[in-house]
Amino acid sequence: MSSYTDRHGAVLPLPDAAADARVRADDRGHVFHSWSAQAAIDPLPVAAGRGSTFWDYEGNAYLDFSSQLVNLNLGHQHPDLVAAIQQQAGRLPTIQPAMANDVRGELARLIAEVAPEGFEKVFFTNGGAEANEYAVRMARQSTGRRKVLSMYRSYHGSTSTAIALTGDPRRWANDMADTGAVRFFGPYLYRSPFHSETPEQEAERALAHLEQTIQLEGPQTIAAIIIETVVGTNGVLVPPPGYLPGVRELCDRYGIVYIADEVMVGFGRLGEWFGIDAFDAQPDLVTFAKGVNSGYVPLGGVVISDRVARAFDTMPFAGGLTYSGHPLACAAGVATFEVFRRDGILERVRDLGERIVEPTLREWVERHPSVGEVRGRGLFWAVELVRDADTREPLVPFNAAGADAAPMAAFASAARRAGVWPFTHFNRVHIAPPLVIEEEELRRGLRVIDEALAVADEVAAG
């Protein structure tokens, strides 16, 4: 890209050192960033994006192998989504949620049509954390119980209940809001807490552990179990066969609401409308955000089973948001459905995952001493990096920072220098490009990651 359009509509050439300096000055002077020590960060100013690529003001191009925060499923500047927002802004840019509007109703119907059988109602939120907050609220109000079980390796958002349910270290500084949160170990065969040797053993033992947790906590006190259908940031942990149906059976046995957190994997990431479609599981509530409209305007929500929805036929639901089902966001959501169907997005995700990503990553296990395991589905994969393939010692320690995290930082820097923006977390690199990525771009990005793994290989070699 040789030029970009600024916020005044002017087309300016790249590189643009003056614009880069202005953006940096405003950001560093006035923007307070999330999850960061403010004096220790130097955010990259981004000038433009298109498709699977974005550019900085120096003119450097980056292939977006993280879909930003695994939300940009239809890529940067998708013309159909942009046009839908523009058209909606020209006729009804906003309206309060107590009133009905055509685009919100249409999107809710479209979501219900692809949801599991027996899901007809959708409650809209502004994002994924709120979706999980409100799903928990629905479970608590409909059951009269308070406790909610969640996995240690999980992330459900940063609002009060969502962060209390989160299992990763981001909870630690915020663990004061919800005393009803109880954690358990989910399946993770590569580092099995149950000493399993096969996927079948892992599923069986993880379910036994979960049932024991339910019994020890008191089934009559537990409102819900919330599970990321495929654990996202904390490892792309694909559930072994039988695990999620087993969770369903436990919830039925003890009268517990099963919440499927699909904020990251919903809307095509696994090659399915919802991730649960790939695992023969039937939750009671499904939360979504990110991919429903690629984050062009903030949107999330809860798809509600008829069984749970009936509890609120005569009992008022105690909750609401000023911007619930915002028309601009819903317009982009309706356009997303149109693009998915016209362009065969689900089919191409399955094809690219099976034909290109999986065989490429499997080959890395054989060739790179630093690659301990690869796992995933569709266009959502994790490459777990280790110092020793036999002992499975992670390349960097859990929750590493500073010098301890240097090997992963060096790997990421190598990828960025070669024009790929990777998603890294602890000792893993995740492969999560936009679902519209061209085949040549996907192959090129994988080649760059492959070459950057030489940095990790040096550490593994000692």
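Just so it is clear, the structure is predicted and the values come from calculations on it, not from any experiment.

Draft legend 1. Expanded view of the packing of helix α3 (residues 79-91) against helix α10 (residues 327-343). Packing of α3 against α10 brings their axes to within 8 Å, and their N-to-C directions diverge by 145°. Between α3 and α10 lies a crossing whose hand is right-handed. Listed contacts from α10 to Asp-80, Leu-81, Ala-84, Ile-85, Gln-88 and Ala-89 of α3 are Pro-327, Leu-328, Ala-331, Ala-332, Ala-335, Thr-336, Val-339 and Arg-342. Class assignment of the residues belonging to the contact of α3 with α10 gives a composition of 10 nonpolar, 2 polar and 2 charged.

Draft legend 2. Spatial organisation of the side chain of Thr-229. Of note, Thr-229 is situated in the loop between β9 (222-228) and α8 (243-254). Residue classification places Thr-229 among the buried positions, given a relative accessible area of 1%. Among the polar contacts listed, one links the side chain of Thr-229 to the side chain of Glu-262, at a separation of 2.5 Å.

Draft legend 3. Main features of the pairing of strand β4 (residues 53-56). Residues of β4 alternate between two faces, with Thr-53 and Trp-55 on one and Phe-54 and Asp-56 on the opposite face, all of them buried. One ladder, built from 4 bridges, connects strand β3 (residues 46-50) with β4; its direction is antiparallel. Note that in β4 the partner of Gly-49 across the bridge is Phe-54. Count of turn residues in the β3/β4 antiparallel hairpin: 2 residues, of which Gly-51 carries a positive phi of about 65°. The sheet contact formed by β4 and strand β5 (residues 61-64) spans 3 bridges and is antiparallel.

Draft legend 4. Layout of the sheet that holds strand β16 (residues 420-421). An order of β3-β4-β5-β16 is seen for the 4 strands of this open sheet, with the pairing classed as mixed. Where the open sheet ends on each side, the last strands, each with one partner, are β3 and β16.

Draft legend 5. Representation of the packing of helix α7 (residues 199-217) against α8. Relative orientation of the contacting elements α7 and α8 amounts to 25°, with a least axis distance of 10 Å. Classified by the angle between their axes, α7 and α8 sit roughly parallel to one another. Where α7 crosses over α8, the handedness of that crossing is right-handed. Here Ala-203, Ala-206, Leu-207, Leu-210, Glu-211, Ile-214 and Gln-215 of α7 lie close against α8, whose contacting residues are Tyr-243, Gly-246, Val-247, Leu-250, Arg-253 and Tyr-254. Of the residues in the contact of α7 with α8, the class split is 9 nonpolar, 2 polar and 2 charged.

Cut-offs applied
Residues numbered from 1 in each chain as written. Predicted model: local features only at pLDDT ≥ 70, side-chain atom pairs only at ≥ 80, totals over all residues. Heavy atoms only, no water. Axes fitted to C-alpha atoms, helices over the stretch in contact; angles between N-to-C directions. Helix = DSSP H or I, 4+ residues; strand = E, 2+ residues; numbered from the N terminus. Left-handed = near helix turned anticlockwise from the far one by under 90°. Contact = heavy atoms within 4.5 Å. Nonpolar A, V, L, I, M, F, W, Y, C, P; charged D, E, K, R; others polar. Buried < 20%, exposed > 50% of the residue type's maximum accessible area, 1.4 Å probe, protein only. Polar contact = N/O pair within 3.5 Å; in protein donor to acceptor, adjacent residues only side chain to side chain. Pairing = 2+ DSSP bridges. Parallel < 35°, antiparallel > 145°, perpendicular 65-115°, else oblique.

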